[in-house]
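Results of the structural survey
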Amino acid sequence: MLKASHDEMFDENKNIKKHWQEIADSLESSGFDELESKQNEIDWFLKENDVTYNVYENLDAKVNRSWSLDPIPFVISSQEWDETAIGLKQRAKLLNLILKDLYSERKLIKENIIPAEVIFAHKGFATEAFDFGSKENFQLYFYAADMARGPNGKMWVVNDRAQAPSGLGYALENRLTMNAISKGLYPETPRKRLFHFFEDFRNLFQNLSSEQESVSVLLTPGPYNETYFEHAFLSSYLNLTLAQGDDLLVKNDALWLKSLGGLKKVQTLLRRVDDRYCDPLELNDSSRLGVSGLLDAARVGNVNLINPIGSAILENIGLNPFMEKACEYLLGEKLILPQIATWWCGQEKALKFVLKNLETLIVKNIDRTVTVEAFFCKKMREEELENLREKIIKNPYQYVAQEEINFSTIPFYADKKIEPRNASIRAFSIKVGDDYSVMNGGLVRVSATKDSLLVSSQKGGTSKDLWILGKDDLEMCILSSFKYSKYVDTSIENLSTLKAENLFWLGRYLARSITTTRFVLQIVKKLASFYRFDMQSTKESQEILHTALTHLTMTYPGFLSLKEHSSEAIMDEILSVIKDTSRPGTLTYTLFMLLNANLNLKDILAMESWKLHDKMKNEWFEFLNSEKKSNIYIAGKLENTLIYLMAYKELVQESIFKEQGLLLYEIGSKIEDTILLLSLCRSLMTLDIDKSMEYDILDSLLHTMESFNAYRAHYKSSLMLENVVEFVVLNRQFPKSIIHICKELIDDFKILPKSKEIVSDYEEPIYKAYKILESMEISKVLRLKEDEVVFFEFDRLLAELSQLYIDCSNEFTKTYFSHNDE
Amino acid sequence: MIYTIYHKTEFRYQSMVTYSHNMARLKPRETGYQKVLDFSLEIDAFPFEKREFLNMFGNVCTHIVIKNSHLSLSVTGRSRVEIFPEIIDAHIANIKANSITYKAAKERLKSFVAADMQAKQFMFDSELIAPATEEMKAYALESFKDERDLFEAANEFMGRIYHDFEFLSGFSDVTTPVSEIFKAKKGVCQDFAQLAISALRGIGLPCKYVSGYIETVPAEGEKKLFGTDASHAWFSLYIPNAGWIEFDPTNNVIPKHQHILLGYGRDYADIAPLKGVVFSSGGSRLSVMVDVREEELQEQSQEQSFFGFKSQTQTQS
């Protein structure tokens, strides 16, 4: 039988424990209404600070859940905490020594302190980190322990977290929020501050990153990770650069942060990516979250990892039965903190015991890096138990069994009631010299329901702040006047290369989406009114437009080899150019590329752009799935999309300044606009065609540029080839003309961080292009020799210009995004 | 006996790769019966950085960073290796003499014997070698009776794989699960090695994957063409009280003077000759060319040996 569990607040006689008295009095005097209003205040603070914990319900649906915090803290007396902290320090030291030994001499295995199988059967053992253990910077710098109060009234260790412990950011946010509400609620209760711990953490980075100019980085899996909030929050609080794997690069045996200004050495990396995902070269090769070569940089000793790759081996309940022995062997001490009685099934005696007493035990896989498996045997049917027995016998090394413990309960506020719930404390320690510093606080997680013993943030549940009662020794510590903001450094020099590249492509794809949509729209509209004027010339002009569409979207062979010219075949090809998801160049394809670039820029674009993006995507999918083929329906959908794209463009241009990342976006969009316009010019204006067709074609061109009215205002005449060419190619006053954009590009390039006195490789083609444009004379290029129907000179110049812009884009990409030459 | 080995691995990429990280494991390792006289590694993309280190299994690994755009990358290892057959013979004799029964081995592996500790890392499933199915274990246990001598049992087991399985290339690749090979009863050397390893680990014995080369001799009267060999794979079993002993189930032999060892690992992933991580939009194609020949022979036929290049896709014989 389980012993009745303790309650944190009440003793066996239902009297309030001494260290809870103040809290209890405060709760008593404020009453439920006040508590409810404080709860609302907490909810508001958390929402306002955008504190989230993402829970994945299934692959597609992500719930960006607000973090929740209970207004009643978990209270521990300073005397008890001091004792616990001594135990935590000992455990951290011990685990560090175990870690170092397993990756160096392995005396623990050779001298039968820890069975070899407990290590080798656990996938957390990184053979790749072989011999790293003796390195000075191979240390368990940061350690978290999950604790709960056991039946003997002491704090017990339930789990160890070593590879990339989470929760510290949430603990900090909880404290800041509690500070805000506790003035009214618990005015009398002094609690120890978290300040010292964070100072220690900052100092650790300072000590480890000794080189000038080097940076410390927090490696995050990205915005989709469940704890992304805390990555952003912590990096900002600890002065670390927040980066994803693609922001980093290994070369010269060192780790570098890529930014538009060049590479910056990363000496220290706080990683929130699990061991196996840190390096696709040597570890899990399907991982996109890590950095190729990271492990080898660590092997050379050029990067400090918090924590080292290989630490996952410590997240191993199979170690529990041997901790006592290891502690005596490595530290010459008795283990201070109690653990749950654990039997490792790899030993025959233990296995026999487990199989015999299975129904009273909890069985767990030792390796949570592969799968989290826990069996509560008490609740299992005989048949299930039999299966479990078989499973254990087949693979005894993989399992432990633990005694089922009733941990203490704690008062929890829910719906104007206070009820007891199970809770566990995550306590954090950081290495300081040869010792560890333990945070005077922690993250308390409360079970989701009253009767549940399972405490897990993934499974729902809520949190509490942990208060260590008492005053700090030093009064000087003021939790710095830190205000968290989601600030992302986008000054040109420091802009991350990943973001810069995405901004550049955002510019290109957005320009391409808009022009493609407009041009297709023109074609669809003209098709709709085709039968209004059933003339041969109309048919021919349409053919020219259709070919232009193939050239513009590069969806070759497309209309160039269309065998049949029935209206159905034409419509099918147009629909394919609009809808095909796998054919490069189609509108859908381009939109996907655009959405992808948008996705990677979530944190620097305005929130509304995100919403717009979602709306556009949903409507586009609806359109893709629809069978309707009528011109009017399609035109309507295209018009809608165009509105979204224009609104999106406006939002992008509004949310960032040019001197920040927008410059990259503008360069991309200008290059793309020019390339597309050159393509349209070649398709539509290099042919000497009948005047009756000319109108149709020039009209489409100007509408695609959304410049029909501008033309009319400027020339006050009907559409004439010479005028249109002058207008869209050479008119310096017209902001959409090729020459105007060209001049702007030349100026934009000068603001870039790698701009030099001499002309760089990416500038050269643009200067050449400018020269060609300056010396172009309309009357000459539009002159026909006898029997010619094509303006060959004009076409040649346009082709040359196109190539120069493509060269410019390639060179630009190489100079700024590849970091090859640094 | 001295062998010269030429092993070229080439990646061809569909689109330009701006930067790549690669791990080459092409240098044969030294053992008591094998000495590396010469070794060179050729990399054909510039500029590059390379760094050599020893991994946990004692294999030489070379981390190669290609620092500029490239469309292909080839890495070629050239080695001269001396094999000492008499030392191998002595080793095999020693293993036979000290081998123990399957039952004794199981008992010993359950207890703590310092000498067995290193071997225990090869007892568990690994990235490419899944745990054995019940059928596979039963298949192995037909040879491994409790009172049977472990060496004898393993030797018989090797022979049974040789007879029961058909050598067929093209059916499988490195990722084909062993259970599938076991069902289909066909595959190549790599499959037979991995299947044996999985089954032996399944019945509680430490077993490692061995990668290397085997000299092929052309039919009588025919000249050996350059580059027509392939890399080879077999397995090594740990016999407590005796040591590691290698078996080649593809050829039903205990490797002696015809086998040249490249390296050991838990499976192919630990010892893949070339692995690369690139950032590129397209895919890549891998081709491998291997040539192994004994030195005296090579001197006679050197003039003819450099025509008839033939590229092979990665299969192992």
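Note that the coordinates shown come from a computational prediction; the quantities given were computed from them, not determined experimentally.

**Thoughts on the overall build of chain A**
Counting its regular elements, chain A contains 25 helices and 20 strands. Projected onto its principal axes, the C-alpha coordinates of chain A cover approximately 105 × 60 × 55 Å. Residue burial in chain A is summarised as follows: out of 822 residues, 45% are buried. Sequence-distant contacts in chain A: of pairs separated by 6 or more residues, those separated by 24 or more amount to 72%.

**Quick word on the overall build of chain B**
When helices and strands are counted, chain B shows 8 helices and 15 strands. Computed over the C-alpha atoms, the radius of gyration of chain B is 20 Å, within 12% of the 20 Å expected from 2.2 N^0.38 for a compact globule of 317 residues. Across its three principal directions, the C-alpha atoms of chain B cover 60 × 45 × 40 Å. Once local pairs closer than 6 in sequence are excluded, the contacts in chain B between residues at least 24 apart make up 78%.

**Concerning the packing of helix α18 (residues 658–685) of chain A against helix α21 (residues 721–730) of chain A**
Residues and elements named next belong to chain A. Two elements in contact, α18 and α21, have axes whose closest approach is 12 Å; the angle formed by their N-to-C orientations is 170°. Considering the angle they form, α18 stands roughly antiparallel to α21. Counting all contacts with α18, which are made through Leu677, Cys681 and Met685, the residues of α21 involved are Leu721, Val724, Val725, Val728 and Val729. Residues of the contact of α18 with α21, tallied by class, amount to 8 nonpolar, no polar and no charged.

**Notes on the domain arrangement of chain A**
All names here are of chain A. In terms of domain boundaries, chain A breaks down into domain 1 (18–312 + 406–468) and domain 2 (497–818). Placing a centre on the C-alpha atoms of domain 1 and another on those of domain 2 gives a separation of 50 Å. Residue-level contacts link 8 residues of domain 1 with 6 residues of domain 2. By residue class, the composition of the side of domain 1 that touches domain 2 is 2 nonpolar, 3 polar and 3 charged.

**Let's talk about the interface of chain B and chain A**
At the junction of the two partners, chain B supplies 22 residues and chain A supplies 23 residues. For the side of chain B that touches chain A, the elements supplying multiple residues, two or more each, are β2 (20–27), β4 (48–54) and β5 (60–66) of chain B. At 3 residues, the largest contribution of residues to the side of chain B that touches chain A is made by β4(B). Among the residues forming the side of chain B that touches chain A, the class breakdown is 11 nonpolar, 6 polar and 5 charged.

**Quick notes on the domain arrangement of chain B**
All names here are of chain B. Partitioning chain B into domains gives domain 1 (2–82 + 272–313) and domain 2 (99–269). Each of domain 1 and domain 2 has a C-alpha centre, and these two points are 25 Å apart. Facing the 28 residues of domain 1 at the interface are 19 residues of domain 2. Of all the secondary-structure elements, those providing two or more residues to the side of domain 1 that touches domain 2 are β1 (2–17) and β14 (284–294). For the side of domain 1 that touches domain 2, the element with the highest residue contribution is β14, accounting for 6 residues. Among the residues forming the side of domain 1 that touches domain 2, the class breakdown is 12 nonpolar, 10 polar and 6 charged.

**A few points about the sheet that holds strand β13 (residues 274–278) of chain B**
Residues and elements named next belong to chain B. With respect to topology, 4 strands assemble into an open sheet ordered β4-β5-β2-β13, the strand pairing being antiparallel. The two strands at the open ends of the sheet, each matched to only one other strand, are β4 and β13. Along the sheet, successive strands turn relative to each other by an average axial angle of 15°, direction set aside. Where β4 lies against β5, 7 bridges are found, and the strand directions are antiparallel. In the sheet register, Glu49 faces β5, and the bridge partner there is Val65.

**A closer look at the nonpolar core**
One finds A:Leu255, B:Ala196, B:Phe235 and B:Leu237 to be the most contacted residues of the largest nonpolar core, which totals 198 residues. Beyond its immediate sequence surroundings of up to four residues, B:Ala196 is in contact with B:Phe157, B:Ile161, B:Phe235 and B:Pro249. Grouped together as the second largest cluster of nonpolar side chains are 89 residues, A:Leu510, A:Leu662, A:Ile667 and A:Met705 included.

**Section: helix α6 (residues 189–202) of chain B**
Residue and element names in this part refer to chain B. For α6, which comprises 14 residues, the first-to-last C-alpha distance of 20 Å matches the rise-based estimate of 20 Å (1.5 Å per residue) to within 8%. Of all the 14 residues making up α6, 14 are buried; the element is thus mostly covered by neighbouring parts of the structure. Positive backbone phi, at 90°, marks Gly204, one or two positions downstream of α6.

**Things to note about the sheet that holds strand β12 (residues 259–265) of chain B**
Residue and element names in this part refer to chain B. The 4 strands are arranged β11-β10-β9-β12 in an open sheet whose pairing can be described as antiparallel. A single partner strand is all that each edge strand has here, and the edge strands are β11 (243–247) and β12. Averaged over all adjacent pairs, the angle separating strand axes in this sheet is 35°, with direction ignored. For strand β9 (residues 207–214) and strand β10 (residues 231–239), the ladder comprises 7 bridges, and the chain directions are antiparallel. Of the residues in β10, the one forming a bridge with Lys208 is Ser236.

**Regarding the packing of α18(A) against helix α25 (residues 792–818) of chain A**
Helix packing for two helices is described by the angle between their axes and how far apart those axes are. All names here are of chain A. α25 packs onto α18 with a crossing angle of 160° between their chain directions and a minimal axis gap of 10 Å. Relative to α25, α18 is oriented roughly antiparallel. Every pair of crossing elements has a handedness; the one defined by α18 and α25 is left-handed. Where α18 abuts α25, its residues Ile671, Thr674, Ile675, Leu678, Cys681 and Arg682 lie against Asp795, Leu798, Ala799, Leu801, Ser802, Tyr805, Ile806, Cys808 and Ser809. For the contact of α18 with α25, the per-class residue count stands at 10 nonpolar, 3 polar and 2 charged.

**So, the confidence of the model for chain A**
All names here are of chain A. Summary statistics for chain A give a mean pLDDT of 88 and a share of 93% for residues scoring 70 or more. Across residues 56–62, where pLDDT falls below 50, the model places 4 contacts with residues more than four positions away in sequence or in other chains. Overall, residues 479–486 carries pLDDT values under 50, and its contacts beyond four positions in sequence, including any with other chains, amount to 9 contacts.

**So, unusual backbone geometry**
Cis geometry marks the peptide bond from A:Ile306 to A:Asn307; its omega dihedral reads -5°. As for its position among the elements, A:Asn307 is in the loop between β11 (304–306) and α9 (320–331). Phi at A:Asp787 is positive, roughly 65°, even though this residue is not glycine. Mapped onto the elements of the fold, A:Asp787 is located in the loop between α24 (778–781) and α25. With a phi angle near 60°, B:Lys185 is a residue other than glycine that sits in the positive phi range. Inspection of the secondary structure assignment puts B:Lys185 in the loop between α5 (178–184) and β8 (186–187).

Rules used in this analysis
Residue positions are given per chain, counting from 1 as you read along its sequence in written order. Lettering for chains starts from A, numbering for ligands starts from 1, and both go in the order in which the items are written. Local features are withheld for residues below a pLDDT of 70 in this predicted model, meaning they are given only at 70 or higher, and side-chain atom pairs are given and counted only at 80 or more; totals for whole chains, interfaces and linings count all residues. Every helix listed is a DSSP run of H or I at least four residues long, and every strand listed is a run of E at least two residues long, numbered separately from the N terminus. Three exposure classes are used, all based on how many other C-beta atoms lie within 10 Å of a residue's own C-beta (placed from the backbone): buried at 20 or more, exposed at 12 or fewer, and partly exposed between those limits. Two residues qualify as a contact pair if the distance between their C-beta atoms, derived from the backbone, is within 7 Å. Using C-alpha atoms as the atom set, the radius of gyration is obtained and then compared with a globule rule of 2.2 Å times the number of residues to the power 0.38. In this description, a line fitted to the C-alpha atoms serves as the axis of each element, helices being fitted only across the stretch in contact, and the angle between N-to-C directions of two axes falls anywhere from 0 to 180 degrees. We call two directions roughly parallel when the angle between them is under 35 degrees, roughly antiparallel when it is over 145, roughly perpendicular when it lies between 65 and 115, and oblique otherwise. Lys, Arg, Asp and Glu make up the charged group, whereas Ala, Val, Leu, Ile, Met, Phe, Trp, Tyr, Cys and Pro make up the nonpolar group; the residues left over, Gly among them, are polar. Residue ranges labeled as domains rest on an automatic or database domain assignment. The pairing criterion for strands is at least two bridges between them, as found by DSSP. Joining buried Ala, Val, Leu, Ile, Met, Phe, Trp, Tyr and Cys residues through C-beta atoms within 7 Å gives a set, and that set is a nonpolar core. Helix span, expected: 1.5 Å multiplied by one less than the number of residues in the helix. Crossings are classed by handedness, with left-handed meaning an anticlockwise turn of the near helix from the far one by less than a right angle and right-handed meaning a clockwise turn. As a per-residue measure, pLDDT tells how confident the predictor is, with possible values from 0 to 100.

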